[in-house]
Amino acid sequence: MKKVGYVCVYGRANAGKSTIINKCLGFKLLPVSSKPQTTRDNVQAIYNDDDSQIVFVDTPGVFKPHGKLGSILLRDAESAKEGVDVILYVIDGFEAPNFELANKLKDSKIPVVIAFNKIDLIPADIGEERLNRYKTILPKAKALEISAKSGFGIEDLIKTLKSFLKEGEEPYPNGEVSDHPKEFIISEIIREKCMRLLSEEVPHSIYIDMKALKEDEKGMEVYADIIVEKDSEKAIVIGKEGKMISEISRFSEESIGNYFGKRVYVNLMVKTIPDWRNSDRYLKKFGYEE
Ligand SMILES: Nc1nc2c(ncn2[C@@H]2O[C@H](COP(=O)(O)OP(=O)(O)OP(=O)(O)O)[C@@H](O)[C@H]2O)c(=O)[nH]1
Ligand SMILES: [Mg+2]
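Residue positions are counted from 1 within each chain, in the order its sequence is given. Naming scheme: in the order in which they are written, chains are lettered from A and ligands are numbered from 1. Given that the model is predicted, a residue must reach a pLDDT of at least 70 before its local features are reported, and side-chain atom pairs must reach 80 or more before they are shown or counted; all residues, however, enter totals for whole chains, interfaces and linings. Values reported for side chains reflect all heavy atoms of the structure, with hydrogen atoms and water molecules removed beforehand.

1. Considering the site of ligand 1
Working step 1: Near residues are defined by distance, with any heavy atom within 4 Å of the molecule or strand qualifying the residue. Around ligand 1 there are 23 residues in total, and K17, T19, Q37, T38 and D120 lie nearest to it.
Working step 2: Polar contacts, as counted here, are pairs of nitrogen or oxygen atoms within 3.5 Å of one another; within protein the pair requires one atom able to donate a hydrogen and one able to accept it, and residues that are adjacent in sequence qualify only if both atoms are side-chain atoms. A distance of 2.8 Å is found between an oxygen atom of ligand 1 and a side-chain nitrogen or oxygen belonging to T39.
Working step 3: Here a nitrogen atom of ligand 1 and a side-chain polar atom of D120 are 2.8 Å apart.
Working step 4: Mapping ligand 1 onto the cavity grids shows that it belongs to the largest pocket.
Working step 5: Numbered from the N terminus, helices here are DSSP runs of H or I no shorter than four residues, and strands are runs of E no shorter than two. The element best represented in the shell around ligand 1 is helix 1 (residues 17–25), accounting for three residues. Lining residues are those with an atom within 4 Å of a point, where the points come from a 1 Å grid over the protein atoms alone and group into cavities, where a 1.4 Å probe fits but cannot get out, or pockets, open sets with protein on both sides within 12 Å along at least five of seven lines. Assignment to a cavity or pocket requires that more than half of a molecule's atoms be within 2 Å of the site's grid points.

Quick look at the structure:
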């Protein structure tokens, strides 16, 4: 029997949680961007090897919440820590230390593993000094220095996580990579392109509403609406002479195509739904239950 279990990946926004999971999986499943609050859902990502199955639960980064959607995301991140086998607490080593979450984890009954990430960006002595301050708060936690970007420490991290798991039935016996359907993975790829290509506040007001997915052996056709909150944002997403929306489509086609190994056509429409992130009706429609 394999060693199996659930690992909640928890930490502040932009710490590198989704990047770490992608690196462990060996392929890119989850959206990553340099803007905080890229992840919006607790998504399970399934790692498999010969002797183990680790279900990573990616979470929205902890951040001062704005509006109703922000509060829902914060609640989701906090609740993901319950019922797992290990909490992987990801720290951005480059950022000035912030001990709020470490203090929250102090009394955790679930084992905590610290991934002190982005060590490629800081001198070793500064990293060590910073990490030691976290270790003082969480003396029982196992701590590893890693760089999700370069892959340094990832193998060790997987080994460490496995040491906390027990033998049992695999939660996902059929080679699934996620608990979310294909449509969700596609919508997240499109949203990631928006996060990366658009500036300022626009990316945060975006929701990708999948309309249709047509597929055969050779190709895929994706039809989706990009929802924004204001007409001014709609104009930015469309861009001058439709330049931005065609960039978003082109990058999405490339990434979705690489992921599924098929030719992909993406058709996007932009729609305004005023203040959807504070609307009970739309939050519910888009899957964010209060
Ligand atoms: N230099 C460096 N950058 C990293 C490393 N890990 C992640 N990053 C970058 O940090 C940024 C945030 O990464 P994400 O994986 O989206 O972070 P996250 O914690 O999932 O963020 P949210 O989903 O917003 O909470 C991206 O620009 C990554 O490329 C690392 O080890 N080194
Ligand atoms: Mg993320």
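2. Notes on the packing of helix 7 (residues 231–238) against helix 8 (residues 243–260)
Working step 1: At their nearest, the axes of helix 7 and helix 8 sit 4 Å apart, and the two run at 65 degrees to each other. Residue-level inspection shows I236, V237 and I238 of helix 7 in contact with helix 8, the latter providing K243, M244, I245 and I248.
Working step 2: When residues are grouped by polarity, Ala, Val, Leu, Ile, Met, Phe, Trp, Tyr, Cys and Pro land in nonpolar, Asp, Glu, Lys and Arg in charged, and all others, Gly among them, in polar. Along the lines of polarity and charge, the residues of the contact of helix 7 with helix 8 split into six nonpolar, no polar and one charged. In this description, a line fitted to the C-alpha atoms serves as the axis of each element, helices being fitted only across the stretch in contact, and the angle between N-to-C directions of two axes falls anywhere from 0 to 180 degrees. Contacts are assigned to residue pairs that have any heavy atoms within 4.5 Å of one another.

3. Topic: the coordination of the magnesium ion (ligand 2)
Working step 1: Metal coordination here is assigned from N, O and S atoms located within 2.8 Å of the ion, or within 3.2 Å for Na, K and Ca; omission of water means that sites may look incomplete. Those donors, S18 (OG) and T39 (OG1), are the protein atoms that reach the magnesium ion (ligand 2), and they lie 2.0 to 2.2 Å from it. Pair noted here: S18 is in helix 1 and T39 is in the loop between helix 1 and strand 2 (43–49), with a separation of 21 residues, a long-range link. In this pair, the class of S18 matches that of T39, namely buried. Any residue under 20% of the maximum accessible area for its type is buried, any over 50% is exposed, and the rest in between are partly exposed; the area is computed with a 1.4 Å probe on protein chains only.

4. Digging into helix 2 (residues 67–79)
Working step 1: Given a helix with a known number of residues, its expected span is that number minus one, times 1.5 Å. With 13 residues, helix 2 ought to run about 18 Å at 1.5 Å a step, and its terminal C-alpha atoms sit 19 Å apart, in line with that.
Working step 2: The inward-facing, buried residues of helix 2 contact strand 1 (3–11), helix 3 (100–105) and helix 9 (280–285).

5. A short note on helix 8
Working step 1: For helix 8, which comprises 18 residues, the first-to-last C-alpha distance of 26 Å matches the rise-based estimate of 26 Å (1.5 Å per residue) to within 8%.
Working step 2: Every buried residue belonging to helix 8 is among I245, I248, S249, S252, I256, G257 and F260, and all of these are buried. Along the long axis of helix 8, the arc covered by the buried residues comes to 155 degrees, so they all point the same way. In helix 8, the exposed positions angled more than 90 degrees off the buried face are occupied by K243 and N258. An arc is given here, and it is the one of the directions from the helix axis to the C-beta atoms.

6. Overview of the pairing of strand 6 (residues 142–145)
Working step 1: When DSSP locates at least two bridges between a pair of strands, those strands are taken to pair. By the bridge criterion, four bridges tie strand 5 (residues 112–117) to strand 6 in an arrangement that is parallel. When the sheet's bridge partners are listed, F116 is paired in strand 6 with E145.
Working step 2: Read from strand 5 through helix 4 (residues 124–137) to strand 6, the crossover connection turns out right-handed. Clockwise travel from the first strand over the helix to the second, with the strands pointing away from the viewer, marks a crossover as right-handed.

7. Examining the domain arrangement of the chain
Working step 1: Its domain assignment divides the chain into domain 1 (3–167) and domain 2 (182–285).
Working step 2: The domain limits used here are those given by an automatic or database domain assignment. Computed over C-alpha atoms, the centres of domain 1 and domain 2 are 27 Å apart.
Working step 3: Taken together, the contact between domain 1 and domain 2 spans 19 residues of the former and 20 residues of the latter.
Working step 4: Computed with a 1.4 Å rolling probe, the buried area is the accessible surface lost when two parts are put together, summed over both parts. Roughly 1,600 Å² of surface becomes buried between domain 1 and domain 2 when both sides are summed, with 53% attributable to carbon and sulfur atoms.
Working step 5: Whenever Lys or Arg places a side-chain nitrogen within 4 Å of a carboxyl oxygen from Asp or Glu, that contact is recorded as a salt bridge. Linking domain 1 with domain 2 are two salt bridges, by the criterion used here.
Working step 6: If you look at where domain 1 meets domain 2, you find 11 residue pairs in polar contact (both at pLDDT 80 or more).
Working step 7: It is helix 2 that contributes the most residues to the side of domain 1 that touches domain 2, four residues altogether.
Working step 8: Partitioned by chemical class, the residues of the side of domain 1 that touches domain 2 number nine nonpolar, five polar and five charged.

8. Points about the side chain of D49
Working step 1: Following the sequence through the fold, D49 ends up in strand 2.
Working step 2: At a separation of 3.1 Å, a polar atom in the side chain of D49 contacts the main-chain amide nitrogen of D51.

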